[in-house]
Amino acid sequence: MKKLFFLFLIIPFLGFSQQEAISSNLFTNYESYKESILTNRRFKHSDIQPLIDNLKSDKYFRVKVLGQSIEGRDISMISIGEGKTSILLWSQMHGNESTATMALFDIFNYLKTNKEILNNITLHFIPMLNPDGAEKFTRRNAIGIDINRDAVRLQSPESKILKAARDSLQADFGFNLHDQSKYYNAERTSKPATISYLAPAYNYEKDINTTRANAMKIIVVMNNIIQQYAKGQVGRYSDDFEPRAFGDNIQKWGTSTILIESGGYKNDPEKQFIRKLNYVSILAAIHTISTGSYKKTSIDEYEKVPKNDRKLFDLKITNLTFPYLGKNYTVDIGIQNHERENKKHTEFYNIGRITDLGDLSTYYGYETLDAKNLKFKVGETYPKIISNFEDFEKLDIKKLLEQGYTSVSIDSLPSEIKFVNYPINIIDVRKIKILRNNTIPKTPIYLGKNPTFLLTQNNKVAYAIINGFVYNLVENNNRVKNGVVK
Ligand SMILES: [Zn+2]
């Protein structure tokens, strides 16, 4: 009797512990499956096409060209498996949301040698649904349509391709793979929403039918797993019904649809750890669908996943006191680093901006700095004009910062240079504007300003804030990714 009771206790957990073991394996052995050709977010259609072509040599993969983008790039579907339950996964409907595409190529490598996961299921992948957007690393397609608002009107070929694939397969499950802003956090915590999930609503009432409930259950399984590798860093995306969006409509058309959004993770600008979380999350979901173990989970658990909020900055500086017109003001400031790209959309640099100031006690930072016991100091421009970049590179930048200089003027700077990999800003002397002196001087800190200033302690420069990044001069810890040319 005792033994029987014990069995009753453990049977419901068998599914999950087996799931845990599998995902732990996926996490640990990830490097052996990671697709090494893809190393950063700004890859193009021409980078993935050879990888797709290579899959044709594996007899288990079936590759089909579904059609072409507006600019004529092939959009392919890769299928594998013979099982009854069909799963359709599509990524990069938004051209600059590439994290999951990288993970899909890792998953192809996994599937080459791990066929047992395919029991009962057939997988269909459409990686990079919006190759024209990916080319310019922009959200929208070549004519400026947001494909995720074109699910009903179907004006873009990319939208038609996705709709036709869904309809012809009548997929049981759909995975809608996106990236979200790195400034999303798990509600009322400082933790970024590194992964957010959603079982989209199919009507304004946000009703839950079996189709949507199954999506919620899969999310519960994925959340339990990802919490182990990024604790507290999972959010639940808003389920407001959007009648034009694909996720909402595909749910309505009867495919249990799961949205996965890749957000931010500290010190992971190219989202390679987040890519790994996608890999684990998606394969764990595929596994639970293949075994049916997700059916045992409760949709109540879905509601317990914290909601997404948008309360993060790259850097939050608290208790900063600065003088203006003879008085002192104490504020918190929130700084965000925006990406600017080169012409080929292959590389980027950062421009820092003050995006909020005042009482920011309800906000958080990937990095925070308390300026309470520090004194604000305006950074000066080094008085000597440097005649060329070679001479600039000979300067002792740390010494200049300690002397109170946060920018250097250079005389003949090539106009294509927009940033420098040094912790100081550059003034292009040809661009210096004559200041009008009949206006009230601007405050040293204001919304939209590039955050560049100094913080002193005992009359010595302790921190240089350059282009929104921190250089701790006391500890000689330079975290400035780049200075900008002004
Ligand atoms: Zn998106």
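Residues numbered from 1 in each chain as written. Predicted model: local features only at pLDDT ≥ 70, side-chain atom pairs only at ≥ 80, totals over all residues.

A short note on the overall build of the protein
Where we set the bar: Counting from the N terminus, the helices are the DSSP runs of H or I reaching at least four residues and the strands are the DSSP runs of E reaching at least two. Whether a residue is buried, exposed or partly exposed follows from its count of other C-beta atoms within 10 Å of its own C-beta, namely 20 or more, 12 or fewer, or something in between, respectively; the C-beta atoms are built from the backbone. We call two residues in contact when the distance between their C-beta atoms, placed using the backbone, is within 7 Å.
Across its full length, the protein carries 11 helices and 24 strands. Considering the protein as a whole, with its 486 residues, one finds that 45% of them fall into the buried category. Restricting to contacts in the protein with at least 6 residues of sequence separation, those with at least 24 account for 74%.

Details of the domain arrangement of the protein
Our working rule: The domain boundaries here were taken from an automatic or database domain assignment. Polar here means any residue outside two lists: the nonpolar Ala, Val, Leu, Ile, Met, Phe, Trp, Tyr, Cys and Pro, and the charged Asp, Glu, Lys and Arg; Gly therefore counts as polar.
If you check the domain split of the protein, you get domain 1 (2-309) and domain 2 (312-484). Relative to domain 2, the C-alpha centre of domain 1 lies at a distance of 39 Å. At the junction of the two partners, domain 1 supplies 9 residues and domain 2 supplies 7 residues. Class assignment of the residues belonging to the side of domain 1 that touches domain 2 gives a composition of 4 nonpolar, 2 polar and 3 charged.

So, unusual backbone geometry
One non-glycine residue, Asn120, lies in the positive phi region at around 75°. Looking at the element boundaries, Asn120 is found in the loop between helix 3 (99-113) and strand 4 (121-126). Within the chain, Leu154 stands out as a residue other than glycine whose phi angle is a positive 55°. Examined against the element boundaries, Leu154 turns out to sit in the loop between helix 4 (131-136) and helix 5 (157-169).

Here's the deal with the sheet that holds strand 16 (residues 380-386)
For clarity, the threshold we go by: One requirement defines pairing of two strands: DSSP has to find at least two bridges between them. Working convention: axes come from line fits to C-alpha atoms, limited for helices to the stretch in contact. Angles between N-to-C directions cover 0 to 180 degrees.
Pairing is parallel across the open sheet formed by 3 strands, whose spatial order is 16-17-19. Of all the strands in the sheet, just strand 16 and strand 19 (425-428) have a single pairing partner and so form its edges. Between one strand and the next, the sheet's axes are offset by a mean angle of 30°, whatever the strand orientation. In the sheet, strand 16 pairs with strand 17 (residues 405-410) via 4 bridges, with the strands oriented parallel. Counted as the bridge partner of Tyr382 is Val408 from strand 17.

Digging into the sheet that holds strand 14 (residues 364-370)
Two orientations exist for strands paired in a sheet by backbone hydrogen bonds: parallel and antiparallel. Pairing is mixed across the open sheet formed by 4 strands, whose spatial order is 13-12-11-14. Of all the strands in the sheet, just strand 13 (348-358) and strand 14 have a single pairing partner and so form its edges. Between one strand axis and the next, the sheet turns by 30° as a mean value, whatever way the strands run. Relative to strand 12 (residues 327-341), strand 11 (residues 312-324) runs antiparallel, the two sharing 8 bridges. Bridge pairing links Tyr324 to Lys327 in strand 12.

Some thoughts on the nonpolar core
In plain terms, the rule: Buried Ala, Val, Leu, Ile, Met, Phe, Trp, Tyr and Cys residues whose C-beta atoms connect them within 7 Å together make up a nonpolar core.
One finds Tyr197, Ile219 and Tyr463 to be the most contacted residues of the largest nonpolar core, which totals 122 residues. With 10 residues, the top contributor of residues to this core is helix 8 (residues 272-291). For Tyr463, the contacting residues outside a window of four places in its chain are Leu369, Leu374, Leu454, Leu455, Val470, Tyr471, Asn472 and Leu473.

Considering helix 3
Of all 15 residues that make up helix 3, 12 are buried, and the element is covered over most of its length. For helix 3, the set of buried residues is Thr99, Ala100, Thr101, Met102, Ala103, Leu104, Phe105, Asp106, Ile107, Phe108, Tyr110 and Leu111.

What to know about the pairing of strand 22 (residues 469-472)
Sheet analysis places strand 21 (residues 460-466) next to strand 22, joined by 4 bridges and oriented antiparallel. By the bridge assignment, Ile466 is partnered in strand 22 with Phe469. Here strand 21 hands over to strand 22 after 2 residues, with Asn467 in that stretch at a positive phi of 55°. Strand direction decides the pairing type here: strand 22 and strand 23 (residues 477-478), joined by 2 bridges, are antiparallel. If you follow Tyr471 over to strand 23, its bridge partner there is Asn478. Counted along the chain from strand 22 to the antiparallel partner strand 23, the turn is 4 residues long, and its residue Asn476 has a positive phi close to 50°.

Section: helix 5
The test is simple: Helix span, as expected, comes to 1.5 Å for every residue beyond the first.
Taking 1.5 Å of rise per residue, the 13 residues of helix 5 would be expected to cover 18 Å, and the 18 Å separating its terminal C-alpha atoms lies within 8% of that figure. Within the span of helix 5, buried status applies to Pro157, Glu158, Ser159, Ile161, Leu162, Ala165 and Arg166. Residues of helix 5 that are buried sit in contact with strand 1 (62-68), strand 2 (74-80), strand 3 (85-91), strand 4, strand 5 (173-179) and helix 7 (246-252). One or two steps after helix 5, the chain reaches Gln170, where phi turns positive at roughly 45°.

Overview of the pairing of strand 13
For strand 12 and strand 13, the ladder comprises 10 bridges, and the chain directions are antiparallel. Across the sheet, the residue bridging to Gly334 is Asp356, located in strand 13. The antiparallel hairpin formed by strand 12 and strand 13 contains 6 residues in its connecting segment, where His345 sits at a positive phi of about 55°.

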